[in-house]
Amino acid sequence: MNVIGKVTVLPQLPTELARLSELAYNLYWSWTPHAQDLYRHLDPEKWERFQHNPVRTLLEVSQDALNAAATDSDYLSRYRAVMADFDAYMGKKDTWASQNVPEMQPVAYFSMEYAYHESLPIYSGGLGVLAGDHCKSASDLGIPFTAVGMLFHQGYFRQLFDKDGWQNEAYDDLDLTTLPIKPALNGDGDEVKVRVQIGSREVAVRVWILQVGRIRVLLLDANLPENSEEDRKLTARLYGGNQELRVQQYALLGVAGIRALRALNVPAQVYHMNEGHAALMALERIREGVESGLDFRTAVETTASSTLFTTHTPVAAGNDAFTYELMDRYIGSWPGLLHASREELYGLARHDQLWDNHLVPSFSMTVFALNMSRAANGVSELHGEVSRGMWNFLYEGAAPSEVPIGHVTNGAHNLTFTSQAMRDLLSTVLPADWTERLEDEEMWKGVEALSEAQLSEVQREMKREMITFIRGRQREQKLRNGAPAAEVAATDTLLSEDALTIGFARRFATYKRATLLFRDKARLSKIVNDPDRPVQFVFAGKAHPADNPGKAFIQEIYKVSQEPEFLGKIVILENYDMHVARHLVQGVDIWLNNPRRPLEASGTSGMKASFNGSPNFSVLDGWWREGYDGTNGWPIGEEREYADLNVQDDADSYSLYATLEHDIVPRYYGHKSGAESWAHTVRRSIETVSPRFSMQRQVIDYVRQYYVPLAERGGQVAADGSLKARQIAEWKTWVRQQWPYTQIHAQANLPTTARPGQTVAVTAQVNPAGIDPRQLKVEAVLTRGEQQTRVPLVYRDSNTFSADVPLADSGLYSVGVRMVPEIEGLSNELELGLIKWA
């Protein structure tokens, strides 16, 4: 049959259940287990088969089942309770935002991927989960917020292991009519479409609306009949193509995303680029400025003044960079549209890289994002530090600590990942409104009132559910691969609910060292097979389709799991997604994470396990470097980096085994009370991690550190026809032109030795090359070990600057003098990236 279209026909909902459809189209249900139970009850088999999708479940469920539910008093009671909670949530007026930032300006958030729920597989891993959780907490807090992303028709791949444990990828076409999305409509009721020029082609893009609590997500879709077959594939797969496809996808996300906001009259005063994928949004915003009468440089300043960039990776391969020739192919017309030269536009993204033994200028998405924003951040304290080092070269002459990249440590959406059983238990000791105060550290002290028996009962229940789930998944895999009957039957006895269970689940990038546990298999075997204190491990994770080393890690774990001494005690699950993740973080006793420090930007899976009382056991990298306090989990290795990776692996694996043998296993199986008990560690895990690493705390940090200040400065820069932006742009152009001709010479009257508190006279003579000397910040820089102190020199006359510089403490000082151009109104003193040392 030649299909000309599809339509969703929902069964007739009984009057008593009329709002089940309304609820199905709001992802509020994705973090509300009681809401999910309403749909599961209607047809448990269909609920499981269709990835827990309420819309699809309502489509497939029989009329008889609906009619039966409508006469079931218990079901109706639960339905009314859920809808009452939903209405209270959606109608709440005294949100955190209304009470704390009532004048907050709207935010537009751009991300390549979002993980809201397994039934909408438009995510690959941590970046998507982080973005999805960010949206959920933006809704919880009541901030004015709209997200923009892509609707990938085949999503990310479905992972299948063959009989040898090798990862294979399958791509399933999503049936959009069964997803909780609706076409975006304009004021006349017509479907919204925007158009974007990619290379020589004009691509039509449809916009879909996804409702996530109180906020909307705009999803872009190029799979339209009026587009060519190749252009329809632009929104087929996430991270599925080559560099050419990625450039086109990035252009579509950025340019079509801005146009979608405008077509729907969605206001935005702050623009948040979640990773460099979204950086090309700046092209369209500059074009809007130029079209309104601004020159290119003024439009750049106006655009950047209200933009935030979040970088997520300290791994070079994670920062996309493309040849100029490739960019010409797909955005080659943009310099003309922006009234700029190719060199001016591409210069904002230039990163000279050694490719094939030649130094080649590349168009770096990260460099472009940094230059097109006036605030940037990493996603943990250590990642901020690493990022400042990575991008230090953009600020020649600056110390890494001065590079204007801050940090907001990631969090996770507590309610998405905390089991209902644990939520019910927490409700017995926390205030009635605890789910609205998740960031309140004082409130979480109430967890100390939970008894060991209460915690044990809930955790045993969740472990039992997880093991049942794992056995079912393993049975399906064995049957699909034609395993012998005995192997299929053996899945019924996989794992024991009485054994200490450790989980490891994440993207299988090689730096995450999924196989570190197997470095000494003989020692591991003794740990696993201790008859009195057994330990078992559950693994899950996907490798990128092109990452064969990552796939080899998966296969190695699978093969180890089939060895006699580990059979039934080490398991690796296929098709890691949010559903698998929830089972694991809610069911294991310990969460294991052993990346190669400092390559883990943040990580969030250990936070989710801690929400459920499963302590973290991790390398002191990413969030755990900030989260570990000596009582709430365990570290692996030392807080340091290694020159020799093999030495690092040896040291970390030794620490891993020793900590298991001497600390974790004895505590889990022991019978001590108080601070030496297992229950104490569980309580501390919940109490310390839940508030500090809640997504609510993270979003509040973004609001206070970035969204509010950016809105204020962006408004000032754009006011009066971008008057301030024009002044800054003209000044920058002049300073950059004159800077090569400036000079600075300095003298310091330094004694051989000095006493603490003594001062030394430092003088500098400057040739400003026409720049106003009062627009030059001249300072003495004192370095003592790792500590750097800057002391401004005062302008005297005749281009001379001087000051008496104090030597505060004892030690060996190095003294230097430098000048930096600055005027009032810059976002930071290194905004130009110009420094000259005497």
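Note that the structure is predicted; figures quoted are calculated from it, not measured.

1. Here we look at the sheet that holds strand β29 (residues 836-837)
Backbone hydrogen bonds are what pair the strands of a sheet, in a parallel or an antiparallel way. As summarised here, the arrangement of the four strands in space is β25-β24-β28-β29, forming an open sheet in which the pairing is antiparallel. Each edge of the open sheet carries a strand with a single partner, namely β25 (787-792) and β29.

2. Observations concerning the pairing of strand β24 (residues 776-784)
Inspection of the sheet shows β24 paired to strand β28 (residues 814-821) by eight bridges, in the antiparallel sense. Across the sheet, residue L782 finds its bridge partner in β28, namely V815. Direction of pairing for β24 relative to β25: antiparallel, over a ladder of six bridges. Bridging from a neighbouring strand, T783 pairs with Q788 of β25.

3. Here we look at the environment of Y79
The topology assignment puts Y79 in helix α6 (residues 73-91). Judged by its relative accessible area of 7%, Y79 is buried. On a C-alpha basis, the gap between Y79 and L185 in space is 30 Å, while along the polypeptide they are 106 residues apart. With residues up to four places along the chain from it excluded, the contact list for Y79 reads E16, L17, A18, R19, L20 and L38.

4. With respect to the environment of M695
As for its placement among the helices and strands, M695 is situated in helix α29 (residues 695-738). By relative accessible area, which is 0% here, M695 ends up buried. Dropping the residues within four chain positions of it, M695 is found in contact with L130, D133, H134, S137, G411, A412, H413 and N414.

5. A short note on unusual backbone geometry
Negative phi values dominate among residues other than glycine, just as trans dominates among peptide bonds. Omega for the bond connecting R597 with P598 falls within 30 degrees of zero, at 5°, which places this linkage in the cis form. Counting through the fold element by element, P598 comes out in the loop between β19 (590-593) and α25 (605-611). Unlike most non-glycine residues, D356 shows phi in positive territory, near 55°. On the accessibility criterion, D356 (72% relative accessible area) is exposed. Although it is not a glycine, N799 adopts a positive phi angle of roughly 60°. Among the secondary structure elements, N799 is positioned in the loop between β26 (794-795) and β27 (800-806).

6. Regarding the nonpolar core
Nonpolar side chains tend toward joint burial in soluble globular proteins. Grouped together as the largest cluster of nonpolar side chains are 209 residues, with contacts concentrated most on F368 and Y707. With eleven residues, helix α10 (residues 243-263) is the largest single contributor of residues to this core. What Y707 contacts, discounting residues up to four positions off in sequence, is M104, V107, Y109, H134, I143, F145, V270, H272, L308 and Y702. Among the nonpolar cores identified, the runner-up in size contains 25 residues, and W731, V766, V805 and L826 belong to it.

7. Side note on α29
Note on helix geometry: an α-helix contains 3.6 residues per turn, so any two residues three or four positions apart are oriented the same way. For α29, which comprises 44 residues, the first-to-last C-alpha distance of 46 Å sits more than 12% below the rise-based estimate of 64 Å (1.5 Å per residue). Its maximal kink placed at G721, α29 deviates by approximately 120°.

About the criteria used
Residues numbered from 1 in each chain as written. Predicted model: local features only at pLDDT ≥ 70, side-chain atom pairs only at ≥ 80, totals over all residues. Heavy atoms only, no water. Pairing = 2+ DSSP bridges. Helix = DSSP H or I, 4+ residues; strand = E, 2+ residues; numbered from the N terminus. Buried < 20%, exposed > 50% of the residue type's maximum accessible area, 1.4 Å probe, protein only. Contact = heavy atoms within 4.5 Å. Core = buried A, V, L, I, M, F, W, Y, C linked by side-chain atoms within 4.5 Å. Expected span 1.5 Å × (residues − 1). Bend = angle between axes of the 7 residues up to and from the residue.

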